[in-house]
Amino acid sequence: MSGLDIGYALLVVALIIFIFPAAKYWLKNSPKAEKGDWTAFLFPIALVIAFVGFLMMMVGR
Amino acid sequence: MSDSQYSSRDIARESALSTNKVLRNTYALLSVTLIFSAIMAMVSTMVNTGYGVSLACSFGALALIWFVLPRTANSGAGIAVVFAFTGLLGFGLGPLLNHYLSLANGGELIATAMGGTAIIFLGLSGYALTTQRDFSFLGGFLFAGLIVVLLAAVAGIFLQMPGLFLAINAAVILLFSGFILFDTSRIINGGETNYVLATTGIFLSIYNIFISLLHLLGFAND
């Protein structure tokens, strides 16, 4: 474990502290998903997964 | 036609114009800051920046968006802060890029990661813009997911497990893809009216997708 690793760990902990209020706000105030909302989100995300898999396969060849 | 119909139509038109202005300003500032950040990354690779400097840049960038940006986002100084923040993050990429450039096909890996990030960003933004759907319901899910990923990243630093490293990078790409949809839809639907803050959010998504995609491609290359 180097000093640099400890530095990176501290940075990530600081990020968590920074993000926490926004996370708390959105967990409380996010509007409820309507019918079809999750499908509309999962469709492009599935395409991203397929695209990243494709790039990894191309590079791995 | 009654006065109330006129006024509601005027309000809708004004709101659409304001949204278009925020969107246009966001993309303009985003494109300039991305170029600036890339130039800073190039300078950093040329001067062979070390990981210590990279870490200091990341702390500096975090301090700027934490303490300075909230106070300056509504003024012209906010633009200078965004440039400083994106420049620091770009400069901090130097050691990572040098690591990949030292590989036989490192340049190709970096170019693939850049192109892949551009396609992901343009595809997701285009999707959010054309569907006009409100993705603000994702807020709680994305922020909770981000905290889980960051906690896993802290564990990953100490455990040094390649499988965990791979899983974290894959999760980061998916989460920040969700953030691109979330941020873009918030601009379209009037949830974000400050283009400085909108640019910061989208820049962070692009930056994180690029780094994680580069790591995944580096892993696949091995």
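Look a little higher up for the structure.
Read on for an overview of the structure. All values reported here derive from a predicted model rather than from experimental measurement.

### Some remarks on the overall build of chain A
Consideration 1: Check the secondary structure of chain A and you find two helices and zero strands.
Consideration 2: Computed over its C-alpha atoms, the radius of gyration of chain A comes to 19 Å, more than 25% above the 10 Å expected for a compact globule of 61 residues.
Consideration 3: On the principal axes, the C-alpha backbone points of chain A span a range of 45 × 45 × 10 Å.

### A few points about the overall build of chain B
Consideration 1: Along chain B, the regular secondary structure elements total eight helices and zero strands.
Consideration 2: The linear arrangement of helices and strands in chain B, starting from the amino end, is α-α-α-α-α-α-α-α.
Consideration 3: Radius of gyration (C-alpha) of chain B: 19 Å, near the 17 Å computed for a compact globule of 222 residues.
Consideration 4: With the C-alpha coordinates aligned to their principal axes, the bounding extent of chain B is approximately 70 × 35 × 30 Å.
Consideration 5: Per-residue burial over chain B gives 39% buried out of 222 residues.
Consideration 6: Long-range pairs, those at least 24 residues apart, make up 82% of the contacts in chain B between residues at least 6 apart in sequence.

### A word on the nonpolar core
Within soluble globular proteins, side chains that are nonpolar tend to cluster in buried spots.
Consideration 1: If you look at the biggest cluster of nonpolar residues, it comprises 59 residues, and the most contacted ones within it are B:Leu181, B:Ile206, B:Leu213, B:Leu214 and B:Leu217.
Consideration 2: Examining the composition of this core, we find that 14 residues originate from one element, helix H8 (residues 195–221) of chain B, more than from any other.
Consideration 3: Among all residues touching B:Leu217, those that are not within four sequence positions of it are A:Leu55, A:Met56, A:Val59, B:Leu109, B:Thr112 and B:Ala113.

### Quick notes on the packing of helix H2 (residues 37–60) of chain A against H8(B)
Consideration 1: Viewed as axis vectors pointing N to C, H2(A) and H8(B) meet at an angle of 40 degrees, and their least axial separation amounts to 8 Å. Relative to H8(B), the element H2(A) lies oblique. Like other packed secondary-structure pairs, H2(A) and H8(B) cross with a definite hand, here right-handed. Residues A:Val52, A:Leu55, A:Met56, A:Val59 and A:Gly60 of H2(A) form the contact with H8(B), whose own contacting residues are B:Leu213, B:Leu216, B:Leu217, B:Ala220 and B:Asn221.
Consideration 2: Partitioning the contact of H2(A) with H8(B) into residue classes produces eight nonpolar, two polar and no charged.

### Here we look at the packing of helix H5 (residues 106–131) of chain B against helix H7 (residues 162–188) of chain B
All names here are of chain B.
Consideration 1: Two elements in contact, H5 and H7, have axes whose closest approach is 9 Å; the angle formed by their N-to-C orientations is 40 degrees. Classed by the angle they form, the pair H5 and H7 counts as oblique. At the point where H5 passes H7, the crossing takes the right-handed sense. Every residue of H7 that contacts H5 at Ile120, Phe121, Leu124, Ser125, Ala128 and Leu129 is listed here: Ser177, Ile180, Leu181, Thr184, Ser185 and Ile188.
Consideration 2: Taken together, the residues of the contact of H5 with H7 sort by class into eight nonpolar, four polar and no charged.

### Let's talk about unusual backbone geometry
All names here are of chain B.
Consideration 1: Notably, glutamine 132 is not glycine yet its phi reads approximately 60 degrees, a positive angle.
Consideration 2: If you trace the backbone, glutamine 132 turns up in the loop between H5 and helix H6 (139–159).
Consideration 3: On the basis of neighbour count, glutamine 132 is assigned to the exposed category, with 9 C-beta atoms found within 10 Å.
Consideration 4: Unusually for a residue other than glycine, glutamine 160 sits at a positive phi of about 55 degrees.
Consideration 5: On the basis of neighbour counts, which here come to 10 C-beta atoms within 10 Å, the residue glutamine 160 falls in the exposed class.

### Some points on the interface of chain B and chain A
Consideration 1: At the interface, 41 residues of chain B touch 33 residues of chain A.
Consideration 2: Looking at the side of chain B that touches chain A, the elements with two or more residues in it are helix H2 (51–72), H5, H6, H7 and H8 of chain B.
Consideration 3: For the side of chain B that touches chain A, the leading source of residues is H6(B), giving 11 residues.
Consideration 4: For the side of chain B that touches chain A, the residue count by class is 29 nonpolar, 11 polar and one charged.

### A closer look at the environment of B:Ser37
Residue and element names in this part refer to chain B.
Consideration 1: By the secondary structure assignment, serine 37 is in helix H1 (residues 3–46).
Consideration 2: Taking the C-beta count within 10 Å as the criterion, serine 37 has 23 such neighbours and is therefore assigned buried.
Consideration 3: For the pair serine 37 and serine 177, spaced 140 residues apart in sequence, the C-alpha separation works out to 20 Å.
Consideration 4: Ignoring any residue separated from it by four or fewer positions in sequence, one finds serine 37 in contact with Thr86, Gly87, Leu89 and Gly90.

### So, the environment of B:Ile206
Consideration 1: Topologically, B:Ile206 is positioned in helix H8.
Consideration 2: On the basis of neighbour counts, which here come to 20 C-beta atoms within 10 Å, the residue B:Ile206 falls in the buried class.

### Quick look at helix H4 (residues 94–101) of chain B
Along an α-helix, a turn takes 3.6 residues, which lines up residues three or four apart on a common side.
Consideration 1: Considered for burial, the residues of H4(B) that qualify are B:Gly94, B:Leu96 and B:Tyr100. With its buried residues spanning 165 degrees around the axis, H4(B) presents them on a single face.

Scoring rules and cut-offs
- Residues numbered from 1 in each chain as written.
- Chains lettered and ligands numbered in written order.
- Predicted model: local features only at pLDDT ≥ 70, side-chain atom pairs only at ≥ 80, totals over all residues.
- Helix = DSSP H or I, 4+ residues; strand = E, 2+ residues; numbered from the N terminus.
- Rg over C-alpha atoms; globule rule 2.2 N^0.38 Å.
- Buried ≥ 20, exposed ≤ 12 C-beta atoms within 10 Å, placed from the backbone.
- Contact = placed C-beta atoms within 7 Å.
- Core = buried A, V, L, I, M, F, W, Y, C linked by C-beta atoms within 7 Å.
- Axes fitted to C-alpha atoms, helices over the stretch in contact; angles between N-to-C directions.
- Parallel < 35°, antiparallel > 145°, perpendicular 65-115°, else oblique.
- Left-handed = near helix turned anticlockwise from the far one by under 90°.
- Nonpolar A, V, L, I, M, F, W, Y, C, P; charged D, E, K, R; others polar.
- Arc of directions from axis to C-beta.

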